[in-house]
Structures are given as C-alpha cells and as structure tokens.
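# Descriptive analysis of the structure
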Amino acid sequence: MAHQLGISGSTILSEREKFPELFKNNLQHVEIGEFQDEDSFQDFIKQLRKTDRSFGLHSPLLRGQSKYDLIEKVSVEPQKAWEQFETEVAEMSRIGAEYILVHFPYFKKETEEDPDAMIEEGLQKLSVLQKKYGLTIVCEPKLGLQRSSAGINYLDRFSVETWRKYGLSICIDIGDYLMAAGDQALEYIKKWVEFVRVAHLHNVEYHGEKYIWVPVHPTHENDGEHFRIKQLLQFLAEESKNVFFVMEYTPHTDPQAIMVEEGYDWVSKIIEKRPVR
C-alpha cells in the first residue's frame, strides 16, 4: 500500500447531518471519532460501506467519553479510560477498521514522577490489546494543558529500542509538533519516522490565548503568519511507508472550498512525489 490521503471528521465536528461531506472529495480514507451517539456511528458506517474508503477511529468513539486519561486523570480515572478503550478496540476490530488512534502519551504538564516508566507501562497495556484484537493501535502524542509540550518532549527523550519492543505505531500531528518544538520539529519527527502510520495535517491560527486548526495551503509557506510545513511533509512522504495523511481542521474559520481543494492538491502532489511549485 502506498501513502493515502484522507479527511478527518473534525472538519464537520462529526455532525451526523454532514457525513456526506466526508465522501464528496476524491480521498481514500476517513478518520473520525466523537460521534454524538451510537445511532450516529452506525449511520456513518452504513454510509461508509457504500464507498471504497478505508476508515480509522480517532478515540473516543462517543462524544463526552475519555480522550486523554490513559496515563493520568484528566476527566476520568485511568482504569475507566482503559476499560472504555478496550471496548472500542474490540468493536473496531470487529467492523474492520484500519486502526484505532488514541492520545498517548498525554501529560497535562510536567510530572514529578518518572515519565519513561509511565509511558512504558502504557505501551505494555496497548501492546496487549493490539495483539489480543489484531488491530493496529496508533499513538498520538499531544500538547497538554495551556499548550504544555511535556508529553511530546518526554516522547522525544524516550528510548526508540523500548518503543520498538512493543510494536506500536505513531501519529504525528504536524500542528502540535510545530507548536511544541518549533524549528526542532523535524528533528523530533526524524527519531520516530519508522513508526509513523498516520500524519495529521493542519495549520494553526492564534486567536488570543486560543488557537484554531485551519486547512493547510501552499500560501502559508511564505505568508509570515502560519507554520511552514512543506519540509515536514516531504520528509514524511520520502522516509516513511504506507502513511495515512489525514487533512484535519475545524470549521470555525469557515474555510472556502477552493482553499481546501487547493490544499488537498498540494499535499497530494507532495506525498505522490510529483513536482510542486
């Protein structure tokens, strides 16, 4: 399998009435989670089955469930979060998802405990689930509270050999990595390239203390306002194998359709290694 270009349910905030929008573009893959209820999820699967697209779940399955709690409590106790996640892994294995993606490692902020031990304990549990259900588990390191880069920094210092032992995949969220590591983002990514299975593609716009995910576009490379992501994309396209490149943004800025399409085309050329102006 070559690289595939996909779209995230974040682009429609997983709203049931907008599911058809996920299938109108000529993309190969859909990654989605946080459905409003079980009926909504079943409706999505029904619509998906009418297409030739693959599908990955971005945990949690349902809105309001645990998103960040596998290492430490953010909204629910970790034990409950692990129980929820195993249920999701079992369900996704049963229906034939390509993978399930989970926020890991996630740290709210810097910890006084041993982060290596905390990460490895989680990897042990995730590896057991991956083997038990035969479903690829993809770990997405994330920014913590107030944009804390603790989790991404801890992963950067974590042993590659230890990670390899557990056979788990990684998702690189380009926006999070650029916010966490700035000019060092490429070096952070290089360390983990052999494990990359998914890349989330979005740029970032700051609005006071908040930030919004916006669609990637070639004009961002030189406008002085957005992150430059072309180099990271080219590196992942050339050095990794069989990656799902997922276009991930939220509709808050009401992006124009033409801008979104131009971004798709730009990314498509890069991951297919065609000439890009």
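Scroll up a little and you will see the structure.
All residue numbers refer to position in the chain's written sequence, counted from 1. Reporting of local features is limited, given that this is a predicted model, to residues whose pLDDT is at least 70; pairs of side-chain atoms are given and counted only at 80 or more, and all residues count toward the totals for whole chains, interfaces and linings. The basis for every side-chain value is the complete set of heavy atoms in the structure, and neither hydrogens nor water enter the calculation.

### Overview of the overall build of the chain
- Working definition: helices are DSSP H or I runs of at least four residues, strands are E runs of at least two. Numbering for both runs from the N terminus. Helix and strand counts for the chain come out as nine helices and 10 strands.
- Computed over its C-alpha atoms, the radius of gyration of the chain comes to 18 Å, within 12% of the 19 Å expected for a compact globule of 277 residues.
- Projected onto its principal axes, the C-alpha positions of the chain cover 45 × 45 × 40 Å.
- With 277 residues in all, the chain has 57% of them scored as buried. Taken over C-alpha atoms, the radius of gyration is set against a globule rule of 2.2 Å times the number of residues to the power 0.38. Working definition: with a 1.4 Å probe on protein chains only, accessible area under 20% of the residue-type maximum means buried, over 50% means exposed, and in between means partly exposed.

### Here we look at the sheet that holds strand β10 (residues 244-247)
- Two strands pair under a simple rule: DSSP has to find at least two bridges between them. Taking strand neighbours around the barrel as the criterion, the eight strands line up as β1-β2-β3-β4-β5-β6-β7-β10 in a closed arrangement whose pairing is parallel. The mean angle between the axes of side-by-side strands here comes to 25°, regardless of whether they run parallel or antiparallel.
- Here strand β4 (residues 99-103) runs beside strand β5 (residues 136-140); their pairing, made up of five bridges, is parallel. Note that in β5 the partner of Ile100 across the bridge is Ile137.
- In what follows, residue pairs with any heavy atoms lying within 4.5 Å of each other are defined as contacts. Note on definitions: angles span 0 to 180 degrees between N-to-C directions of axes, and those axes are lines fitted to C-alpha atoms, for helices only across the stretch in contact. Taken strand by strand, helix α2 (residues 78-95) contacts β3 (54-58), β4 and β5, and its axis lies near 160° from that of β4.

### A look at the pattern of salt bridges
- Salt bridges, as used here, are contacts in which a Lys or Arg side-chain nitrogen is within 4 Å of a carboxyl oxygen on Asp or Glu. Scanning the entire structure with this criterion turns up 14 salt bridges.
- Linking Lys125 and Glu121 is a salt bridge whose minimum nitrogen-to-oxygen distance equals 3.8 Å. Of this pair, Lys125 and Glu121 both sit in helix α3 (residues 115-133), four residues apart, which is roughly one turn of that helix.
- In this structure Lys125 comes out as partly exposed when scored by relative accessible area, which is 36%.

### Quick notes on helix α1 (residues 38-48)
- Every buried residue of α1 is listed here: Ser40, Phe41, Asp43, Phe44, Ile45, Gln47 and Leu48.
- The N-cap residue of α1 is Asp37: its side-chain oxygen and the backbone nitrogen of Asp39 are 3.3 Å apart. Any pair of N or O atoms that falls within 3.5 Å is considered a polar contact. Within protein, one atom must be able to donate a hydrogen and the other to accept it, and sequence-neighbouring residues count only if both atoms are side-chain atoms.

### Comments concerning the state of the cysteines
- Criterion for a disulfide: a pair of cysteine sulfur atoms within 2.5 Å. Throughout the structure, instances matching the rule amount to zero disulfides.
- Its sulfur unpaired, Cys139 is 9.9 Å from the next cysteine sulfur, which belongs to Cys171.
- Overall, Cys139 belongs to the buried group, its relative accessible area being 0%.
- Of the residues examined, Cys171 reaches a relative accessible area of 0% and is grouped as buried.

### Thoughts on the packing of helix α6 (residues 174-181) against helix α7 (residues 185-192)
- The interhelical angle for the contact between α6 and α7, taken along N-to-C directions, is 125°, at an axis separation of 8 Å. By the criterion of interaxial angle, the relationship of α6 to α7 is oblique. Contacts from Tyr177, Leu178 and Ala181 in α6 reach Ala185, Tyr188 and Ile189 in α7.
- Each residue gets one label: Ala, Val, Leu, Ile, Met, Phe, Trp, Tyr, Cys and Pro are nonpolar, Asp, Glu, Lys and Arg are charged, and the others, such as Gly, are polar. Grouping the amino acids of the contact of α6 with α7 by side-chain chemistry returns six nonpolar, no polar and no charged. Angles below 35 degrees are treated as roughly parallel, those above 145 as roughly antiparallel, those between 65 and 115 as roughly perpendicular, and all remaining angles as oblique.

### As for a negative patch on the surface
- Like charges within 9 Å and nonpolar side chains (Val, Leu, Ile, Met, Phe, Trp, Tyr) within 5 Å are joined into patches, using only residues over 30% in relative accessible area that form no salt bridge. Exposure was quantified through the Shrake-Rupley algorithm and a 1.4 Å probe, taking into account, for residues, occlusion by the shown protein chains and nothing else. For this count, His and the chain ends are skipped, Lys and Arg are scored as positive, and Asp and Glu as negative. Working definition for charges: the position is that of NZ of Lys, CZ of Arg, CG of Asp or CD of Glu. A contiguous patch of negative charge on the surface is contributed by Glu112, Glu113, Asp114 and Asp116.
- Following the sequence through the fold, Glu112 ends up in the loop between β4 and α3.
- Its relative accessible area of 85% is what places Glu112 among the exposed residues.

### Re the pairing of β10
- Going residue by residue along β10, you find Phe244 and Val246 tucked away on one face and Phe245 and Met247 tucked away on the opposite face as well.
- By the bridge criterion, four bridges tie strand β1 (residues 4-8) to β10 in an arrangement that is parallel. Bridge pairing in β10 places Gln4 opposite Phe244.
- One ladder, built from four bridges, connects strand β7 (residues 196-201) with β10; its direction is parallel. Each residue of the ladder has a partner; that of Val198, found in β10, is Phe244.

### Some words on the packing of aromatic side chains
- A pair of Phe, Tyr and Trp rings is counted when the ring centres sit within 6.5 Å of each other, with Trp represented by its six-membered ring. The angle between the planes then sorts it: under 30 degrees is stacked, over 60 is edge-to-face, the rest tilted. In total, this model carries 14 aromatic pairs according to the counting rule given.
- Geometrically, the ring pair formed by Trp192 and Phe195 is tilted, given 5.9 Å between the ring centres and 50° between the ring planes.
- When its relative accessible area of 1% is taken as the criterion, Trp192 is described as buried.
- Through pairs of rings, three or more aromatic residues link up here, namely Phe19, Phe23, Phe35, Phe41, Phe44 and Phe55.

The analysis is restricted to geometry; functional conclusions fall outside its scope.
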